[in-house]
Amino acid sequence: MATPPPPPPPPPPITGEEQSNRSKLIETLEKLGRQVLLDMYTRAARQEGKAEDMKLPEFLESKGFTKTQLKKSFNKDQLKILDADPSGKKYDISLLYLCITLLRGPAPGGQLDPLQEKLKAVKDFRNEVLHGELAVSPEDYKNKTEELRKLLKDVYSEGKDVFNIDQDEVDNRVKTIDEDINYIRDNLLDIIEQSGKQELVELFGKRTNVNPVSFIAGTDFFLDIGTVFTNIQVKVKRDTVAQDIPYEDILKLAIDKGKRIILIEGVAGAGKTTLLIKLLSDWKADKSTIQCLTNFLLLFHIEGRNQHIRFFFRARPVTDARHR
């Protein structure tokens, strides 16, 4: 019997620079790609006569779309976003492209017109980056950045005549694209420092609220964890010996000993989740009740039981010691 060939060698480990390059590409898409498509969507909506506060599905229905057509065009999650935000500011690139396409309708002959081709190229570029290789070499980053720069400028070149955009405004938009791409290239860490916490605080929303009477069926009564949290007993186990410590010292103790992972154990109802919600609440409010908590620039709340966890692409590659 022939010996099977040996398995291929594992790929080389991804370097911090390669991770950072990918993050910069994603940040550029999130900031500039979305910005450009949002501008085109706003202009298309205005051109077609959609009021700013009118939801897009309602407008499309007024133009003859049936509910069946809407359900075929948008998935359930997209319909929820469209219902919550008529402005388009919370749409991702794929949804913005779809909305622009539906607003403007098919080009003669069913082919994409030049503007639609450029918009689709931005959407496809975004999908390639998000679903492509995790490692982006310096050369790939340079090439992809220049490709995206050209795509975004091309959108304005084609959109100028479609939406009657003044040449001075086009020139200003193009100049801003150049400046922003260069800034993201050189200042990713600063960008995360400036916007990361604000985005996470908004993401947490009401996660720091708890129901103090959840044991009563049917209750829908929530308070901020800070108003109901009481002292909690914490024991640190070393080998077979357990030592009582204040919960406020839980982070400091680990940091002082050079530990990067803290495992919290306890019986059901002991307060494990409540303690973590308290940690979220204090970090969101810049409180220093829990020692060393304010040393952490970014804090992520990821539930292991959540089957739809999204990977934090933009923040993962940050390896500066301040963010560990």
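Residues numbered from 1 in each chain as written. Predicted model: local features only at pLDDT ≥ 70, side-chain atom pairs only at ≥ 80, totals over all residues. Heavy atoms only, no water.

Draft legend 1. Region of the structure containing the pairing of strand E3 (residues 234-238). For E3 and strand E4 (residues 241-245), the ladder comprises five bridges, and the chain directions are antiparallel. By the bridge assignment, Arg-238 is partnered in E4 with Val-241. Counting the residues that bridge the hairpin from E3 to E4 gives two residues, and of these Asp-239 lies at a positive phi of roughly 55°. (Pairing = 2+ DSSP bridges. Helix = DSSP H or I, 4+ residues; strand = E, 2+ residues; numbered from the N terminus.)

Draft legend 2. Summary view of the packing of helix H1 (residues 16-48) against helix H6 (residues 114-131). The N-to-C vectors of H1 and H6 enclose an angle of 155°; their axes lie 10 Å apart at closest approach. One element, H1, and the other, H6, form an angle in the roughly antiparallel class. Between H1 and H6 lies a crossing whose hand is left-handed. In this structure, H1 contributes Arg-22, Leu-25, Ile-26, Leu-29, Leu-37 and Met-40 to the contact, and H6 contributes Leu-115, Leu-119, Val-122, Phe-125, Arg-126, Val-129, Leu-130 and His-131. (Axes fitted to C-alpha atoms, helices over the stretch in contact; angles between N-to-C directions. Parallel < 35°, antiparallel > 145°, perpendicular 65-115°, else oblique. Left-handed = near helix turned anticlockwise from the far one by under 90°. Contact = heavy atoms within 4.5 Å.)

Draft legend 3. Inspection of helix H8 (residues 167-186) at higher detail. For H8, which comprises 20 residues, the first-to-last C-alpha distance of 29 Å matches the rise-based estimate of 28 Å (1.5 Å per residue) to within 8%. Listing the buried residues of H8 in full gives Val-170, Ile-177, Asp-180, Ile-181 and Ile-184. Along the long axis of H8, the arc covered by the buried residues comes to 100°, so they all point the same way. Every exposed residue of H8 that faces more than 90 degrees away from the buried side is listed here: Asp-168 and Asp-186. Looking at the packing, one finds that the buried side of H8 touches H1, helix H7 (138-162) and helix H9 (188-204). (Expected span 1.5 Å × (residues − 1). Buried < 20%, exposed > 50% of the residue type's maximum accessible area, 1.4 Å probe, protein only. Arc of directions from axis to C-beta.)

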